[in-house]
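# Commentary on secondary and tertiary structure
Here is what each chain is made of, one letter per residue.
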Amino acid sequence: MIVTLDDANLKAIADAIREKNGTTETYKPSGMASAISSISGGDITSIKKLLEEGEEELTEIVIPEGVTKLRNSCFHYYDALETVVLPSTLTSLGASAFSGCTSLKNIVLPDNLIYLYPRVFEDCYEITNMIIPANVEGLSEYTFGWCEGLTEVTFKGIPQYISVDAFGKCTN
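One structure accompanies this document, and this report is about it. (Residues numbered from 1 in each chain as written. Predicted model: local features only at pLDDT ≥ 70, side-chain atom pairs only at ≥ 80, totals over all residues. Heavy atoms only, no water.)

## So, the overall build of the protein
Looking only at helices and strands, one finds 2 helices and 12 strands in the protein. Starting at the N terminus and ending at the C terminus, the protein contains elements arranged as β-α-α-β-β-β-β-β-β-β-β-β-β-β. Within the protein, the proportion of its 172 residues that are buried is 47%. Within the protein, contacts between residues separated by at least 24 positions form 35% of all contacts whose residues are at least 6 apart in sequence. Summing over all exposed atoms, the protein offers an accessible surface of approximately 8,100 Å²; the carbon and sulfur share of this is 49%. (Helix = DSSP H or I, 4+ residues; strand = E, 2+ residues; numbered from the N terminus. Buried < 20%, exposed > 50% of the residue type's maximum accessible area, 1.4 Å probe, protein only. Contact = heavy atoms within 4.5 Å. Areas by Shrake-Rupley, 256 points an atom, 1.4 Å probe, with all protein chains shown as cover.)

This is how it looks when you write it as structure tokens:
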């Protein structure tokens, strides 16, 4: 399943998704795509945790232009997630945003990104390379912890800090 988040009405999306497995019968979409595509609107400035942990169907997500931050744990343990397309407007990736996304292999950090909070890509075994944009202030603890497939990291600039365990438990 591929989901493009393109709606400002975060509450309506979250409500629809919560009802997916809940007891409320007022709106129960057959799948995540129908929950999101049934709502239309403008741009999002932040994304909270929209789907329940470990959503098995989600393989690709496209975050639209206008989004400036992804909140903590927003896609935590999305095992099937392979590809994420981030907008150029993104400035912040919250703690554990993609932690536990064991299949994630295709993600490009936008040039406007400033903040990479702790454990953003922890346990993302399939990521093999990463380019850190020049604006990124630093790498926090376990930013890439346990990224077993990570073999190449390129810095476009010089970060102000790199935590001693930013790449903790990386085997390559």
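Moving on from the model shown.
## Here we look at the pairing of strand β9 (residues 129-132)
The side-chain alternation of β9 yields one buried face, formed by M130 and I132, and one unburied face, formed by N129 and I131. With 4 bridges joining them, β9 and strand β11 (residues 152-155) adopt parallel strand pairing. Paired with I131 across the strands is T154, a residue of β11. (Pairing = 2+ DSSP bridges.)

## Remarks on unusual backbone geometry
Residue Y142 is not a glycine yet carries a positive backbone phi of 50 degrees. Assignment of secondary structure puts Y142 in the loop between β10 (138-139) and β11. Taking relative accessible area as the criterion, Y142 reaches 16% and is therefore assigned buried. Despite not being glycine, K169 shows a phi value in the positive range, around 70 degrees. Looking at where K169 falls in the secondary structure, it is placed in the segment after β12 (161-162).

## A short note on the packing of aromatic side chains
Applying the stated criterion across every chain, the model contains 7 aromatic pairs. Judged by centre distance (5.8 Å) and plane angle (25 degrees), the rings of Y115 and Y117 are stacked. Look at F144 and F167: their rings are 5.5 Å apart centre to centre, the planes differ by 5 degrees, and that puts the pair in the stacked class. In this pair, F144 is assigned in the loop between β10 and β11 and F167 in the segment after β12, connecting sequence segments 23 residues apart. Residue class for F144 comes out buried when judged on its relative accessible area of 0%. By the ring-pair criterion, three or more aromatic residues cluster together here, those being F75, Y78, F98, F121, F144 and F167. (Phe/Tyr/Trp six-rings, centres within 6.5 Å; stacked < 30°, edge-to-face > 60°.)

## Some words on the state of the cysteines
As enumerated under the stated definition, the model contains 0 disulfides in all. Here C101 is not disulfide-linked; the sulfur of C124 is the nearest cysteine sulfur, at 5.2 Å. (Disulfide = S-S within 2.5 Å.)

## Observations concerning the pattern of salt bridges
Pairing between side chains of opposite charge can happen when the charged atoms of each approach one another. A full pass over the atoms with the stated rule returns 2 salt bridges. One salt bridge connects D111 with K156, and the closest N-O pair in it is separated by 3.0 Å. Remark: K156 occurs in the loop between β11 and β12 and D111 occurs in the loop between β7 (106-107) and β8 (115-116); sequence separation between them is 45 residues. Residue classification places D111 among the partly exposed residues on the basis of a relative accessible area of 47%. Note that E122 is salt-bridged to R119, the shortest N-O span being 2.4 Å. Judged by its relative accessible area of 29%, R119 is partly exposed. (Salt bridge = Lys/Arg side-chain N within 4 Å of Asp/Glu carboxyl O.)

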